[in-house]
2 protein chains.
Amino acid sequence: MSRVLVTGASGFVGAHCLPLLVAKGHQVHAVSRRRPSAGICRGVSWHEQDLLVPGGPSKVIQQVKPEMVLHLAWCAAPGLFWETPENLGWVRASIELMQAFVEKGGRRFVGAGSCAEYGRNLGQCTEDSTPLRPATPYGTCKNAFAQVLFSMSSAVQLSAAWGRIFFLYGPHEHPSRLVAYVIRSLLQAEHADCSEGHDILDFIHISDAAAAFIALLESPVEGAVNIASGRPIAVRQILEEIARQIERPELLRLGARQSHLEPWKLWADVRRLTKEVGFVPRYDLRDGIRQTIDWSKNSAATPA
Amino acid sequence: MSRVLVTGASGFVGAHCLPLLVAKGHQVHAVSRRRPSAGICRGVSWHEQDLLVPGGPSKVIQQVKPEMVLHLAWCAAPGLFWETPENLGWVRASIELMQAFVEKGGRRFVGAGSCAEYGRNLGQCTEDSTPLRPATPYGTCKNAFAQVLFSMSSAVQLSAAWGRIFFLYGPHEHPSRLVAYVIRSLLQAEHADCSEGHDILDFIHISDAAAAFIALLESPVEGAVNIASGRPIAVRQILEEIARQIERPELLRLGARQSHLEPWKLWADVRRLTKEVGFVPRYDLRDGIRQTIDWSKNSAATPA
């Protein structure tokens, strides 16, 4: 049991991590810009702090004095996060967080990276051998912080790991994101306009991703670790699976939207996650989609 | 003529840049932790500010509202700078500086990188094609900031360049650094204990390096630019040149110190500097060493 600080605690990954940490008996402190108005996980101490304000990360570390940090905060506004200058602020804030943590004697730091650190079209990505050629400011900034973290961690005796998240789906996903959009549209008997779905990606259910982060945090594994299923799948296959389960294949309009970018081809080698961290996923894609559809049906009754 | 802010203004490169900027008619603002007690260049407005304090860079930008920034500040303590956690602080401070500059409408940002961003043993280094495999936290952190700077500059409409400095020598070099140490020792008729000098490096006189930075700042060239002579030379050749000019070859003890590291082999492709920036150096190695020895003789009379 440790005193754990979770940043980005109100985000998609963060909100799924909090109950898992509490269930494991940790003393959990959460920080986000604003305390969520509802649905705060029991047993979590909440700290309102904008980490992008210089001095903000140090203040939270000073208040909490965590033994472990799970650093999930970063810009995530759909569509905008790839390019926004806020990426700069998150590198700066992440470094301040890491420095303040080390100065207060912190020992274990795990952060959320991204498959965008690899690039766009690299096929299977292995943590220590696939070249890193991020094509966006988001990927570049995530990776810049990771490189700084790795290069400095031995000098400051910090145990540090970096979970590179591939593609997520599941309950509480932002409604404008692909899987959430298609499920909601089909459940509401509306058309879902999609691209051809030729991207070949690696999807992991949000509950599994959160559990993988907790397993990584509690492990001694250092360096980059892919957070993914390890199973490449064409996006159209997922969309067809959703349509099949909801039994509304006629509402799914593949090719209704044009994509001007070359298709993504990016999936993970998950040997580090499964063999070194020892993580075992709970959902395969079919079960994960089913669980997400069920959640969507139940939550549709209540306003988002 | 522009309002130019120079960070690290009291450092080896900075101190040589200030009079060049003043001579070119710029309105020059200098910032360093402490105002130098003597030898401040006329026509320079000095600002005392520790840029490592969160909020410090924003404060200076707010005060000066520069049109151009020449960002030379970084940790430089001989021997220590490779590994010190202060490297983290400089990434953070550099990002804050860049962000504050952009927010105040700044247009041209040039920073000081290092050949250590390339690695240790890569032979000739070309800015856009030599792989970056920094072997130290210093090289990693310098490069992390450069990558962040490049990836974000087009999004925020900043014209940004990054001068990767190879090996410097000349007046006011820190006395514990190699060329300064050997010159001083031989002038004082003392032995200079050195390694075998098998490293093959690229040395540029500090006056040329400073002039190259000013030329880069005033040019529209973006991205990484090597600041170097482009001429590889074995370290023992430089040391023998010093001994020859001072006429005390018997005091130079090559091999008296053991190096446990494999030799550096690192020199610059300077086509970008000469062709795109249009920089013409003033010194070749022989003249540069002579000028440095002359300066050392004259400054030996007065305390450092």
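Placed above this text is the structure.
For the structure given in this document, a descriptive report is provided here. These numbers were taken from a predicted model, which means no experiment stands behind them. (Residues numbered from 1 in each chain as written. Chains lettered and ligands numbered in written order. Predicted model: local features only at pLDDT ≥ 70, side-chain atom pairs only at ≥ 80, totals over all residues. Heavy atoms only, no water.)

1. Brief notes about the interface of chain A and chain B
Thinking step 1. Taken residue by residue, the interface counts 24 residues in chain A and 24 residues in chain B.
Thinking step 2. Interface of chain A and chain B: buried area, both sides summed, is about 1,900 Å²; carbon and sulfur atoms make up 80% of it.
Thinking step 3. Linking chain A to chain B there are zero salt bridges.
Thinking step 4. Remark: the boundary between chain A and chain B carries two residue pairs in polar contact (both at pLDDT 80 or more).
Thinking step 5. Going through the elements one at a time, α3 (86-103) and α4 (137-153) of chain A are the ones with two or more residues in the side of chain A that touches chain B.
Thinking step 6. Residue contributions to the side of chain A that touches chain B peak at nine residues, all from α3 of chain A.
Thinking step 7. Of the residues assigned to the side of chain A that touches chain B, the class counts are 13 nonpolar, eight polar and three charged. (Contact = heavy atoms within 4.5 Å. Buried area = accessible area lost by both parts, 1.4 Å probe. Salt bridge = Lys/Arg side-chain N within 4 Å of Asp/Glu carboxyl O. Polar contact = N/O pair within 3.5 Å; in protein donor to acceptor, adjacent residues only side chain to side chain. Helix = DSSP H or I, 4+ residues; strand = E, 2+ residues; numbered from the N terminus. Nonpolar A, V, L, I, M, F, W, Y, C, P; charged D, E, K, R; others polar.)

2. Topic: the side chain of H71 of chain B
Residue and element names in this part refer to chain B.
Thinking step 1. Along the polypeptide, H71 turns up in strand β4 (residues 68-71).
Thinking step 2. Reaching out from H71, the side chain makes a polar contact with the side chain of S94 at a distance of 2.8 Å.
Thinking step 3. Contacts of H71, omitting those with residues within four sequence positions, involve T7, S94, L97, F109, V110, G111, A112 and F145.

3. Some details on the sheet that holds strand β4 (residues 68-71) of chain A
Residue and element names in this part refer to chain A.
Thinking step 1. One open sheet accounts for seven strands, arranged β3-β2-β1-β4-β5-β7-β11; its pairing is parallel. Here the strands that pair on one side only, and so sit at the sheet edges, are β3 (44-48) and β11 (223-227). On average, each strand axis in the sheet is inclined to that of its neighbour by 20°, with strand direction left out of account.
Thinking step 2. Of the strands in this sheet, β1 (3-7), β2 (27-32), β3 and β4 are in contact with helix α2 (residues 56-64), which crosses β1 at around 155°.
Thinking step 3. Packing of α3 onto the sheet brings it into contact with β1, β4 and β5 (108-114), and relative to β4 it is tilted by some 175°. (Pairing = 2+ DSSP bridges. Axes fitted to C-alpha atoms, helices over the stretch in contact; angles between N-to-C directions.)

4. A few points about the pairing of β2 of chain A
Across a regular strand the side chains alternate sides, sitting on one face of the sheet and then on the other.
Residues and elements named next belong to chain A.
Thinking step 1. Most of β2 sits out of view: five of its six residues are buried.
Thinking step 2. Two strands pair when backbone bridges link them, and β1 and β2 are joined in this way by five bridges, in the parallel orientation. Paired with R3 across the two strands is Q27, which belongs to β2.
Thinking step 3. Regarding the hand of the β-α-β motif, the stretch spanning β1, helix α1 (residues 12-23) and β2 is right-handed.
Thinking step 4. Sheet topology places β2 next to β3; five bridges connect them, and they run parallel. Across the sheet, residue V31 finds its bridge partner in β3, namely H47. (Buried < 20%, exposed > 50% of the residue type's maximum accessible area, 1.4 Å probe, protein only. Right-handed = clockwise from strand over helix to strand, strands pointing away.)

5. Overview of the pairing of strand β10 (residues 200-205) of chain A
Residue and element names in this part refer to chain A.
Thinking step 1. Where burial is concerned, most of β10 is hidden: five out of the six residues are buried.
Thinking step 2. The pairing of strand β8 (residues 167-169) with β10 spans three bridges and is parallel. Following the sheet pairing, F167 is matched in β10 by F203.
Thinking step 3. As paired elements, β10 and strand β12 (residues 232-234) share three bridges and run antiparallel to each other. From the neighbouring strand, D202 faces β12, where its bridge partner is P232.

6. Quick look at the relation of the copies chain A and chain B
Thinking step 1. You can overlay chain A on chain B at an RMSD of 0.0 Å; the transform is a turn of 180° with a shift of 0.0 Å along its axis. Those values place the two copies in the arrangement expected of a two-fold rotation axis.
Thinking step 2. A high fraction, 100%, of the interface residues of chain A reappear at the interface in chain B, so the copies pair face to face through one surface. (Least-squares fit on C-alpha atoms with pLDDT ≥ 70 in both.)

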